[in-house]
Amino acid sequence: LPHAIGLVSDTVIKEMDAVKTALAWSIDTTTPESLLQWDVNAFIGPLVENSAPTIGHLLHTAAQTRHAKEENKIKSCVTACNIIVAQLAKERSQHALYFAIPFTLFLWMNGASRQTLEALHKCGLCISFSSLTSLLHQLASQSLERASQVARGLHALCWDNINIKTSIFVEQRDSAPAKVQSGTFAILYEINADPDDMRLSSMLARAQRASDLTFEGDVRPTVQQWRSFGCQLRIHVINILLKSSKAFKEFQHSNDPRLTHPERWKMPAGSQTKQYSLRTLTIDESSISGNIAVVNDVYINQLKMTDEDLCHQVFLQLGFGLFHLSMNLIWALLHVHRGSIHQVGSLSYFFSILDRTRLGYEHPDYHTLISTLFQILRGVILNAWKVECGHSSLAAFALSNPSVDKLLQVADKIIRLHASPPESHQKSDPGSKSSILLV
């Protein structure tokens with residue numbers, strides 16, 4: 001037995017030396033490109049199979065019983081064994097950080113504390129916190145360099161305010177930083193487009209030749225657009241029933257293709273917009289001067305653009321942020337349909353039922369308001385289902401096992417009677433009219 005142990009030990013030493021060399025990865029060689037291509041099983045798996053078969057066999061034997069190896073088809077010990085090999089390689093050499101560096105970044109990104117990272121560093125799974133700090137500075141500089149190259153071409157720049165909490169304590173000492181640090185966070189997006197399609201001269205020439213807008217030709221949706229919108233609306237109404245009613249949690253036709261949203265403009269397979277995060281600024285962007293300062297800092301201080309580089313930029317076209325568009329839209333919706341607490345169907349009426357006391361301001365919190373609006377919408381549509389389903393309750397309707405055609409038929413009826421503006425000749429009570437206009 002001692003002779004066999006010695007032979008196995010010699011084999012393990014040779015195999016680990018090969019693994020250690022193959023898993024060489026240091027902080028200096030870490031780049032954003034290498035992190036995007038990192039895959040622990042795709043790389044370490046074949047490495048263990050070809051260069052360390054003895055170690056791999058011993059770990060797999062220790063990780064599972066013979067019965068589990070033969071019968072268990074769901075649980076696999078491959079990832080755990082590959083990580084153990086990487087952990088052992090790091091113990092043999094501090095340059096074998098193929099697993100430790102990406103894993104440390106993953107934990108840090110998900111909010112792991114410094115104590116947690118230091119403890120895992122002692123276990124051979126992570127790099128130290130001081131090394132992580134150096135790595136973050138290096139990756140940030142490399143990311144800015146990549147963003148600087150993209151900024152020389154067609155791109156979009158988006159930014160918004162950010163608030164970072166630096167303390168959980170109620171009171172701060174005099175020499176401590178502010179409890180909340182406000183600033184601005186910017187992201188650069190690479191745009192794949194033809195510059196000739198974006199020339200201002202062509203747009204101006206077309207504008208001069210353009211005729212006046214007409215309602216029939218330019219404003220009114222086409223038949224195809226109306227059909228597409230109606231189809232999407234039906235799916236929304238049915239999804240509210242399937243996801244908000246407990247009676248339909250086990251609906252057997254929920255995966256029917258007719259209950260999925262049809263694609264209006266199909267994106268190419270694998271299409272994905274590349275984004276590049278920039279440094280967070282302490283500049284307040286809530287004013288005109290603040291927005292100008294953000295643009296100057298991004299292009300001049302961060303992206304290192306000179307006057308000559310900026311002259312090559314054809315124009316900087318400001319656009320409206322989608323978040324602010326949505327925020328102003330729901331504020332306008334609140335302004336129009338707020339009503340009074342005694343007006344059945346008004347937003348104030350529903351706010352009192354839901355006990356939303358903090359929505360009485362002119363510009364309430366965005367997330368609270370939009371969550372409440374969706375809650376009201378789901379309640380109104382569910383009540384419409386109860387009225388139009390033809391049964392005493394939604395539970396009875398679910399027990400009848402309605403077909404997909406039946407759901408689509410009732411959804412059309414709900415849209416027509418409960419989610420469309422009432423016609424002038426229709427007579428309805430004020431509460432029902434307010435609910436219909438709100439939807």
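Structural data are supplied above this passage.
Residues numbered from 1 in each chain as written. Predicted model: local features only at pLDDT ≥ 70, side-chain atom pairs only at ≥ 80, totals over all residues. Heavy atoms only, no water.

(A) The arrangement of the overall build of the chain in detail. Looking only at helices and strands, the chain features 20 helices and 3 strands. Whereas a compact globule of 439 residues would reach a radius of gyration of roughly 22 Å, the chain reaches 30 Å, over 25% beyond that. Among the 439 residues that make up the chain, the fraction classed as buried is 29%. In the structure as shown, the chain presents an accessible area of about 29,500 Å², 57% of it carried by carbon and sulfur atoms. The positive charge centre, built from 40 side chains, and the negative charge centre, built from 39, are 7 Å apart in the chain. (Helix = DSSP H or I, 4+ residues; strand = E, 2+ residues; numbered from the N terminus. Rg over C-alpha atoms; globule rule 2.2 N^0.38 Å. Buried < 20%, exposed > 50% of the residue type's maximum accessible area, 1.4 Å probe, protein only. Areas by Shrake-Rupley, 256 points an atom, 1.4 Å probe, with all protein chains shown as cover. Lys, Arg positive; Asp, Glu negative; His and termini not counted. Charge placed at Lys NZ, Arg CZ, Asp CG, Glu CD.)

(B) Expanded view of the state of the cysteines. The tally for this structure, following the rule as stated, stands at 0 disulfides. The cysteine Cys-81 is free of any disulfide, with Cys-77 supplying the nearest cysteine sulfur at 4.1 Å. The exposure class of Cys-81 is buried, given its relative accessible area of 4%. (Disulfide = S-S within 2.5 Å.)

(C) Representation of the sheet that holds strand β3 (residues 275-277) within the structure. Judged by pairing direction, the sheet is antiparallel, and its 3 strands sit side by side in the order β1-β2-β3 without closing on themselves. The outermost strands of the open sheet, each flanked by one partner alone, are β1 (155-165) and β3. Geometrically, the sheet is characterised by an average inter-axis angle of 25 degrees between neighbouring strands, direction not taken into account. Pairing analysis gives 3 bridges linking strand β2 (residues 180-190) to β3, with the strands arranged antiparallel. (Pairing = 2+ DSSP bridges. Axes fitted to C-alpha atoms, helices over the stretch in contact; angles between N-to-C directions.)

(D) Representation of the pairing of β2. By the bridge criterion, 11 bridges tie β1 to β2 in an arrangement that is antiparallel. Each bridged residue has a counterpart across the sheet, and for Cys-158 the counterpart in β2 is Ile-187.

(E) Fine view of the pattern of salt bridges. Inspection of every chain in the model, using the stated rule, returns 6 salt bridges. Arg-234 serves as the salt-bridge partner of Asp-412, at 3.3 Å between the closest nitrogen and oxygen. One end of the pair, Asp-412, is in helix α19 (residues 404-418); the other, Arg-234, is in helix α12 (residues 223-244), with 178 residues separating them in the sequence. Overall, Arg-234 belongs to the partly exposed group, its relative accessible area being 24%. Across the pair Arg-258 and Asp-256 runs a salt bridge whose closest N-O atoms are separated by 3.2 Å. (Salt bridge = Lys/Arg side-chain N within 4 Å of Asp/Glu carboxyl O.)

(F) How the structure looks around helix α16 (residues 347-354). For α16, every residue scored as buried is listed here: Leu-347, Ser-348, Phe-350 and Phe-351. Viewed end-on, α16 has its buried residues packed into an arc of 160 degrees, placing them on one side of the element. Residue Asp-355 follows α16 closely and has a positive phi angle near 60 degrees. (Arc of directions from axis to C-beta.)

(G) The arrangement of a nonpolar patch on the surface in detail. Side chains of Phe-106, Trp-108 and Met-109 sit close together on the surface and give an oily, nonpolar patch of about 360 Å² of accessible area. Structurally, Met-109 is set in helix α7 (residues 100-109). (Patch = residues over 30% accessible without salt bridge, like charges linked within 9 Å, V, L, I, M, F, W, Y side chains within 5 Å.)

(H) Structural context of the environment of Asn-383. Take Asn-383: it is sitting in helix α17 (residues 366-388). The spacing of Asn-383 and Leu-394 is 11 residues in sequence and 9.4 Å in space, taken between C-alpha atoms.

(I) Highlighting the packing of aromatic side chains. Evaluation of the coordinates by the stated rule reveals 12 aromatic pairs. Relative to Phe-350, the ring of Tyr-349 has its centre 5.6 Å away and its plane inclined at 70 degrees; by these criteria the two rings are edge-to-face. Phe-350 sits in the buried class, given a relative accessible area of 15%. An aromatic cluster of at least three residues, connected via ring pairs, comprises Trp-25, Trp-38, Phe-43, Tyr-98, Phe-99, Phe-103 and Phe-106. (Phe/Tyr/Trp six-rings, centres within 6.5 Å; stacked < 30°, edge-to-face > 60°.)

(J) Just unusual backbone geometry, in detail. Located in the positive-phi region is Lys-304, a residue other than glycine, with phi close to 55 degrees. Relative to the helices and strands, Lys-304 is located in the loop between α13 (288-302) and α14 (307-312). Residue Lys-304 is classed as exposed on the basis of its relative accessible area of 59%.

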